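Commentary on secondary and tertiary structure
Each chain, letter by letter, is given below.
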Amino acid sequence: MQKKQDALVPVFGALCFFLSAVEFVIPKPLPFLRIGLANVPLILALDIVSFPAFLLLAVIKILGQAFISGTLFSYLLFFSAAGTLGAAFTMYALHRIPRKVLSLAGISMSGAFISNSIQLFIGRYFIFGEGIWYMMPPFLCIGTITSLMLGFFCESFAAESEWYAQVRQTDLPFSIDIPEESKQADHPWFRLISGFILIIALFFVPGLPAKAVILAAGWLLCIAEKQKIHWLVCILSTIGIVICHSFIPMGKELFVLGAFPVTSGAILNGLEKAVFLQAMIAVSRWTLQVRLHFPGELGMLLDESLYVFNQLLTYKDRIRPRQLITSIDELLLSLPFIVQMQKES
């Protein structure tokens, strides 16, 4: 059943984009390891929108993270999609339990556990192989701690936010008033075709040197358009992948580290996987500088989310870290395009 506040899905979607942008610049040792900041809007939307709208929001979050991180044309999209949808179904099912029994913190932790478990399972086959089992304990531990903290934040925001109280309690629906000029389409065919050619070359041209050339080309294309390359993120991600592959001996033994023999084949295999992934991200980031348009209701909601996200970026200086909830609340209350509709007479 549709709820009156389903029109606010683009606002929650834009918040997913905004928090994804914040999280993207945080260095991490594994490419799919996330604090989970972009899950906050999903948790807050549980009591606001209907189940169909909530699933659309989850899809918008997936696409938004892919746009921000430049992974839409990489297999990291499957990590994000599987983890987010698993968490979304889990959290929506659990939110039916009374809050006296299960808090938002508990819902957040449950969703994170399902998401992380799914991503670890996929990571076993796509990137890390058997070495993933050595990464599982710290990965799940970090996910538990961060999801607990984010759940507490959501509880505080739900209790203190005036904007959240308005959209949760009012009988009047809201609408998003987007200027028509922001909906105009463009035709990004040349860049899309060029990007796909480079992505296909990554899959079919064998060897580490060839993949390194495509990675260098992707970085140069991004730099030519003045896109910032987050070198620390790239380096830590590459090191994490190589270390994980080093647990599985392959080829000539170089030295022994504790109980693990470090072999040349394992290092080269990990390095090739890391270069392959970084090349996909670089090419995808360059390709995504054009605006993609999806058909139907999803396309409309995605366009509206991108518009609200761009507006949030213009107001981002208003956010005060020491008064985070208050400043975010003031920002949401001040957005001029969120219109509360009048009650029909």
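Our subject is the structure that appears above.
So, here's what we can say about the structure. Counting from 1, residues in each chain are numbered in the order their sequence is written. Side-chain atom pairs in this predicted model are given and counted only at pLDDT of 80 or more, local residue features only at pLDDT of at least 70, and totals for whole chains, interfaces and linings cover all residues. Only hydrogens and water are removed before side-chain values are computed, so all heavy atoms of the structure are retained for them.

Structural notes on the pattern of salt bridges
How we decide: Any Lys or Arg side-chain nitrogen found within 4 Å of a carboxyl oxygen on Asp or Glu counts as a salt bridge. Starting at the N terminus, helices and strands are each numbered in turn, a helix being any DSSP run of H or I of at least four residues and a strand any DSSP run of E of at least two. Only protein chains enter the accessibility calculation, which uses a 1.4 Å probe. A residue is then buried if its area is under 20% of the maximum for its type, exposed if over 50%, and partly exposed in between.
Under the defined criterion, the tally for this structure stands at 3 salt bridges. Residue R99 is joined to D47 by a salt bridge in which the shortest nitrogen-to-oxygen separation is 2.9 Å. Highlighted residues: R99 in the loop between α4 (76–94) and α5 (104–128) and D47 in the loop between α2 (39–45) and α3 (51–69), separated in sequence by 52 residues. Its relative accessible area of 30% is what places R99 among the partly exposed residues. Residue D47 is joined to R168 by a salt bridge in which the shortest nitrogen-to-oxygen separation is 3.4 Å.

Thoughts on the packing of aromatic side chains
Stated formally: Under the pairing criterion, centres of Phe, Tyr and Trp rings, with the six-membered ring standing for Trp, must be within 6.5 Å; the plane angle then separates stacked pairs below 30 degrees from edge-to-face pairs above 60, leaving the rest tilted.
All chains considered together, the criterion is met by 7 aromatic pairs. Judged by centre distance (6.2 Å) and plane angle (65°), the ring pair of F157 and Y164 falls under edge-to-face. For the pair F157 and Y164, a shared accessibility class is recorded, and that class is buried. Of the aromatic side chains, those joined through ring pairs into one cluster are F51, F54, F89 and Y92.

Let's talk about the layout of surface pockets
Stated formally: Put simply, the grid is 1 Å and covers the protein atoms alone, a cavity is a trapped set of points that fit a 1.4 Å probe, a pocket is an open set with protein on both sides within 12 Å along at least five of seven lines, and lining residues have an atom within 4 Å of a point. Grid points are joined across faces, edges and corners, and a volume is the space filled by probe spheres set on the points. In this classification, the charged set is Asp, Glu, Lys and Arg, the nonpolar set is Ala, Val, Leu, Ile, Met, Phe, Trp, Tyr, Cys and Pro, and all remaining amino acids, among them Gly, are polar.
A volume near 340 Å³ is recorded for the second largest pocket. Mapped by element, the contributors of at least two residues to the lining of the second largest pocket are α1 (9–24), α2, α6 (132–160) and α13 (324–334). The residue makeup of the lining of the second largest pocket, split by class, is 17 nonpolar, no polar and no charged.

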